[in-house]
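Structural overview for review
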Amino acid sequence: MLLTISTTHQPATDLGYLLHKNPARLQSVDIAYGQAHVFYPEASATRCTVALLLDIDTVALVRNHRGPAGEGFALEQYVNDRPYVASSFLSTALVKAFNTAMNGTCKDRPDLPEALLPLEATVAALPAASAEQLHRLFAPLGYEVETDAHPLDPTVPAWGDSRYYTLRLRHAARRLRDLLTHLYVLIPVLDNDKHYWIGPAEAEKLLHRGAEWLPQHPDREFITRRYLRFAEYVNPTLKRLLSADEAATDDVLEVEPQVAEIATDETTALTHAASGNNAEPAAEKQKLHDLRLARIAEEIRRVGAKRVLDLGCGEGKLVRRLLQQPQIEHILGMDVSYQELLRAQERLHLAEMPPRQRERLSLVQGSLLYHDPRLAGFDAAAVVEVIEHLDEGRLAAFEQVLFARARPGVVFLTTPNATYNQKFEKLSAGQFRHSDHRFEWTEAQFSTWAAEVAARHGYQVRVEPLGPHDAQVGAPSQLAVFERIG
Ligand code: SAH
């Protein structure tokens, strides 16, 4: 089993300092049931690659009753995939071989662990349910994900693909320890065959290694469940993960009772987003949404934007309108949900699009809660009915990603007006319009937030009602237009 990590950071051999492993030497560490070897296939100033090779002793596994249960066939205990695929053995090897790097310490170069490096990782053979599963787990963490499926037997194509993939992850600017930590947690999740007993210590490890990113991961519940495998630890761990996140970002020390319920499968909830799981009557909802999109498209035309972001693009309704504007040279649609992106690809007939048109559009998976260099250099960004899907405690992260790092020239951002909810008969007081909404704001709340964000990042902002105005409760939606100053 082989994992390689490369960087083109200058000088690339800084990777050796970070990992506490000299590029000139082969080093080996003992792990339970085998050895991990660390070496550098390349180490120049411009590109450096470290390799971690696992050598698992299947006989030792069997002697210690740690091999597969052997229900499949007579010799399965001896002839199995354990030595060849990425599994929790790789996670233990990562911690053993790269402990200091994973903990973010570097005595000789204390600045290095925080440095954002261009990184590329390749896991040679990783079991997964599908290529889509690999995308779903890694793309929300900001990686560009590439997978190669491996046939069961290349000489018998009719048998189809095996459950093993080569996984390639790329990130333009990431801390090495984040990459190591993501692999540490997600590889056993994919393998789903942890080799050791799972007890409270596993929950602690997950809390420790996942604290910075797992609470915002759309598949956090799946990951926690798979990582821990036994239900008794899952719920308390999820609760603690989420509460730690709230406390870290918001100084909220008390966890509200509904926080635990937020840990529903967000992806399922989001998939339902388009299917009318909503308090607004369908026709009215559609009309309002068309109006919103027409308005934003018109604003984008008015400012003459050439490069446009559609963040949380969903199934691509705004993208379709933007493609009709000849002044736009490039549109980047981004969404955290792979499912929604597939739907967008279908609805926009991407496969049949003429090449000139096709080149104007990129659809990428990514999360608005992580810095993403792909979002830089745009004239305008639309964020239509998205922020209410983010946990309120994470809005500070969103603000950093969009207004501090990506910094588009103008941002059109819409969100429901909570006061208008009184008009929806099915909705009782305090309820949200949609099951996946994490909050809904009044006009005053939205205006305050928008003004503060603008002031913090050198933008000016105006907030206006969006949709038919009601004398008592205002308009159903609201729009903030942020313009970068200077
Ligand atoms: N803007 C679209 C879709 C709105 S629904 C439209 O107006 O039609 C909200 C969208 O936000 C969903 O597609 C959901 O997948 C996406 N989303 C939720 N959390 C996200 C995150 N952290 N990063 C990026 N997109 C996210």
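Structural data are supplied above this passage.
Residues numbered from 1 in each chain as written. Predicted model: local features only at pLDDT ≥ 70, side-chain atom pairs only at ≥ 80, totals over all residues. Heavy atoms only, no water.

1. Some words on the pairing of strand S7 (residues 161-174)
For a regular strand, side chains alternate in direction, first toward one face of the sheet and then toward the other. Where strand S5 (residues 117-127) meets S7, eight bridges bridge the pair, whose relative direction is antiparallel. Bridge pairing in S7 places Val 123 opposite Leu 167. As paired elements, strand S6 (residues 144-151) and S7 share seven bridges and run antiparallel to each other. Bridge assignment links Glu 146 to a residue of S7, and that residue is Arg 168. (Pairing = 2+ DSSP bridges. Helix = DSSP H or I, 4+ residues; strand = E, 2+ residues; numbered from the N terminus.)

2. A word on the site of the ligand
In the region of the ligand, 17 residues are neighbours, and His 289, Gly 312, Asp 335, Leu 368 and Val 384 sit closest. Side-chain polar atom of His 289 to an oxygen atom of the ligand: 2.9 Å apart, as the coordinates give it. Summarising the interface, the protein chains cover 91% of the accessible area of the ligand, which totals 570 Å² for the free molecule. Here the residues of the shell around the ligand are counted per class, giving seven nonpolar, seven polar and three charged. (Near = heavy atom within 4 Å. Polar contact = N/O pair within 3.5 Å; in protein donor to acceptor, adjacent residues only side chain to side chain. Areas by Shrake-Rupley, 256 points an atom, 1.4 Å probe, with all protein chains shown as cover. Nonpolar A, V, L, I, M, F, W, Y, C, P; charged D, E, K, R; others polar.)

3. Notes on the sheet that holds strand S14 (residues 477-484)
The strand order across the open sheet built from seven strands is S10-S9-S8-S11-S12-S14-S13, with neighbouring strands paired in mixed fashion. Pairing within the sheet leaves two strands with one partner each, and these edge strands are strand S10 (361-365) and strand S13 (459-466). Each strand of the sheet is rotated relative to its neighbour by a mean of 15°, with strand direction disregarded. Note that S13 and S14 share eight bridges and pair antiparallel. Note on S14: the bridge partner recorded for Arg 462 is Val 481. On top of the sheet, helix H17 (residues 443-457) reaches strand S12 (410-416), S13 and S14; it is set at about 160° to S13, its chief contact. (Axes fitted to C-alpha atoms, helices over the stretch in contact; angles between N-to-C directions. Contact = heavy atoms within 4.5 Å.)

4. Describing the packing of helix H6 (residues 176-191) against helix H8 (residues 220-228)
Interaxial distance between H6 and H8 falls to 8 Å at its minimum, and their mutual angle equals 75°. It follows from the interaxial angle that H6 and H8 lie roughly perpendicular. Across the interface between the two elements, Tyr 184, Val 185, Leu 186, Pro 188, Val 189 and Leu 190 from H6 touch Phe 222, Ile 223, Arg 226 and Tyr 227 from H8. Grouping the amino acids of the contact of H6 with H8 by side-chain chemistry returns nine nonpolar, no polar and one charged. (Parallel < 35°, antiparallel > 145°, perpendicular 65-115°, else oblique.)

5. Describing the pattern of salt bridges
Taken as a whole and judged by the stated rule, the model has 30 salt bridges. Note that Asp 219 and Arg 136 form a salt bridge whose closest N and O atoms lie 2.7 Å from each other. Of this pair, Asp 219 sits in the loop between helix H7 (200-210) and H8 while Arg 136 sits in helix H5 (residues 131-138), and the two are 83 residues apart along the sequence. For Asp 219, a relative accessible area of 4% gives the class buried. Residue classification places Arg 136 among the partly exposed positions, given a relative accessible area of 24%. A salt bridge links Arg 170 to Glu 146; the shortest N-O distance between them is 3.1 Å. (Salt bridge = Lys/Arg side-chain N within 4 Å of Asp/Glu carboxyl O. Buried < 20%, exposed > 50% of the residue type's maximum accessible area, 1.4 Å probe, protein only.)

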